[in-house]
Amino acid sequence: AQKVTQAQTEISVVEKEDVTLDCVYETRDTTYYLFWYKQPPSGELVFLIRRNSFDEQNEISGRYSWNFQKSTSSFNFTITASQVVDSAVYFCALSEAFAGGGADGLTFGKGTHLIIQP
Amino acid sequence: DTGVSQDPRHKITKRGQNVTFRCDPISEHNRLYWYRQTLGQGPEFLTYFQNEAQLEKSRLLSDRFSAERPKGSFSTLEIQRTEQGDSAMYLCASSSGANVLTFGAGSRLTVL
């Protein structure tokens, strides 16, 4: 069975601080996909990134960066110079063997509520 | 394209009543998913359609729940004889081929 653990329920930082959201996953498959989604107060899940299990290169997109380490089964997400608009719930998710989330869909963690204070 | 649309956005009902939610996916997407999200939890997979065929159902989907996707376009999720434990956000998502899921804004159900 697959499982995603986001141990941080809530994080609160002051604007412009850097913040890292942790994600640890469990799967028996050798091919799998990891995702991060953002859920602002409006409720709509917004896709941020997808990474397959064969690509361990870290990725940077503007103020966002992701650190994928298969050795520790972790896929952590860092926001640099945080802004108030980054306040949201962030979900890490896992899909086994299918890029888009196949017949079994995505397995989500419980999410981390990020609060950026001005 | 306006993305994935869900209707209604909010539904308040009394226990025992039936409710139906509708999802209009992105037009060219052949895959459609339903998820349920309760407060403080991540979304949980309910069911999946490829075109009009329902290919997978979670054990979370009890006999009171039924989903359809006639003609492979919009989908409906019906809950019969609602219970207070059904109170949740019901999320619909769609995708095409190997693309990532695009989610709608959800339909929030409150059962009194």
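In this report, the structure presented in the accompanying data block is examined. These numbers come from a predicted model, not from an experiment.

Attention now goes to the pattern of salt bridges. Summed over the entire model, instances satisfying the criterion amount to six salt bridges over all chains. Where Asp-86 of chain B meets Arg-64 of chain B, a salt bridge forms, and the shortest distance between an N and an O atom there is 2.8 Å. Linking Asp-86 of chain B in the loop between β8 (75–79) and β9 (88–95) with Arg-64 of chain B in the loop between β6 (53–57) and β7 (65–68), this pair joins segments that are 22 residues apart in sequence. A residue is classified by how much of its surface remains accessible, and Asp-86 of chain B, at 3% relative accessible area, is buried. When salt bridges that share partners are traced, they join Arg-51, Asp-55 and Glu-59 of chain A into one network.

Before going further, it helps to spend a moment on the pairing of strand β5 (residues 44–50) of chain B. Residue and element names in this part refer to chain B. Burial runs high along β5: five of the seven residues are buried. Across six bridges, strand β4 (residues 31–37) lies against β5 in antiparallel orientation. Pairing of Leu-32 across the sheet is with Phe-49, part of β5. Counted between consecutive antiparallel strands, the loop separating β4 from β5 contains six residues, among which Gly-40 sits at a positive phi close to 80°.

With that settled, consider the side chain of Thr-47 of chain B. All names here are of chain B. Structurally, the position occupied by Thr-47 is in strand β5. At 2.7 Å, the side chain of Thr-47 forms a polar contact with the side chain of Gln-54. With sequence-adjacent residues up to four places away left out, Thr-47 is seen in contact with Leu-32, Tyr-33, Trp-34, Gln-54, Glu-56, Lys-57, Leu-61 and Ala-67.

Residues and elements named next belong to chain A. The biggest cluster of nonpolar side chains holds 23 residues, and the ones touching the most others in it are Trp-36, Phe-75, Phe-77 and Tyr-90. When residues of this core are traced back to their parent elements, those giving at least two are β2 (10–14), β3 (19–21), β5 (32–39), β8 (64–69), β9 (74–79), β10 (88–96) and β12 (112–117). Considering every element that reaches this core, the biggest residue donor is β10, with four residues. Apart from the residues lying within four places of it in its own chain, the contact partners of Phe-77 are Val-19, Thr-20, Leu-21, Trp-36, Leu-48, Tyr-64, Ser-65, Trp-66 and Tyr-90.

Where two aromatic rings form a pair, the distance of their centres and the angle of their planes describe that pair. For the structure on display, the rule yields 21 aromatic pairs over all chains. Between Tyr-37 of chain A and Phe-47 of chain A, the ring centres sit 5.9 Å apart and the planes meet at 70°, which makes this aromatic pair edge-to-face. Taken together, the residues span a long stretch of sequence, with Tyr-37 of chain A in strand β5 and Phe-47 of chain A in strand β6 (residues 46–52) at a distance of ten residues. Ring geometry for Phe-108 of chain A and Phe-103 of chain B: centres 6.1 Å apart, planes at 75°, overall edge-to-face. Of the two residues, Phe-108 of chain A sits in strand β11 (residues 107–108) while Phe-103 of chain B sits in strand β10 (residues 102–103), which places them in two different chains. By way of ring pairs, the aromatic residues Phe-35, Tyr-37, Phe-47, Phe-91 and Phe-108 of chain A together with Tyr-33, Tyr-35, Phe-45, Tyr-48 and Phe-103 of chain B are connected into one cluster.

Taken together, the 21 residues of chain B in the interface contact 22 residues of chain A. Here chain B meets chain A over a buried area of about 1700 Å², counting both sides, of which 55% is carbon and sulfur. The largest share of the area that chain B buries against chain A comes from Pro-43, Val-100 and Phe-103 of chain B, three residues that together contribute 30% of it. One can count three residue pairs in polar contact (both at pLDDT 80 or more) joining chain B with chain A.

Glancing now at the state of the cysteines. Here, the word disulfide means a covalent bond between the sulfur atoms of two cysteines. This model, assessed by the stated rule, comprises two disulfides over all chains. Two residues, Cys-23 of chain A and Cys-92 of chain A, share a disulfide whose sulfurs are 2.0 Å apart. Looking along the S-S bond of the Cys-23 of chain A-Cys-92 of chain A disulfide, the torsion reads about -65°, which is the left-handed sense. Here Cys-92 of chain A lies in strand β10 and Cys-23 of chain A lies in the loop between β3 and β4 (24–26), a separation of 69 residues in the sequence. Cys-92 of chain A matches Cys-23 of chain A in its accessibility class, with the two residues each being buried. Each sulfur of the disulfide joining Cys-23 of chain B and Cys-92 of chain B lies 1.9 Å from the other. One disulfide, between Cys-23 of chain B and Cys-92 of chain B, carries an S-S torsion of -70° and so falls in the left-handed class. A residue pair is termed long-range when its members are at least 10 positions apart, and Cys-23 of chain B in strand β3 (residues 19–24) and Cys-92 of chain B in strand β9 qualify at 69 residues. Its relative accessible area of 0% is what places Cys-92 of chain B among the buried residues.

Basis of the calculations
Residues numbered from 1 in each chain as written. Chains lettered and ligands numbered in written order. Predicted model: local features only at pLDDT ≥ 70, side-chain atom pairs only at ≥ 80, totals over all residues. Heavy atoms only, no water. Salt bridge = Lys/Arg side-chain N within 4 Å of Asp/Glu carboxyl O. Helix = DSSP H or I, 4+ residues; strand = E, 2+ residues; numbered from the N terminus. Buried < 20%, exposed > 50% of the residue type's maximum accessible area, 1.4 Å probe, protein only. Pairing = 2+ DSSP bridges. Polar contact = N/O pair within 3.5 Å; in protein donor to acceptor, adjacent residues only side chain to side chain. Contact = heavy atoms within 4.5 Å. Core = buried A, V, L, I, M, F, W, Y, C linked by side-chain atoms within 4.5 Å. Phe/Tyr/Trp six-rings, centres within 6.5 Å; stacked < 30°, edge-to-face > 60°. Buried area = accessible area lost by both parts, 1.4 Å probe. Disulfide = S-S within 2.5 Å.

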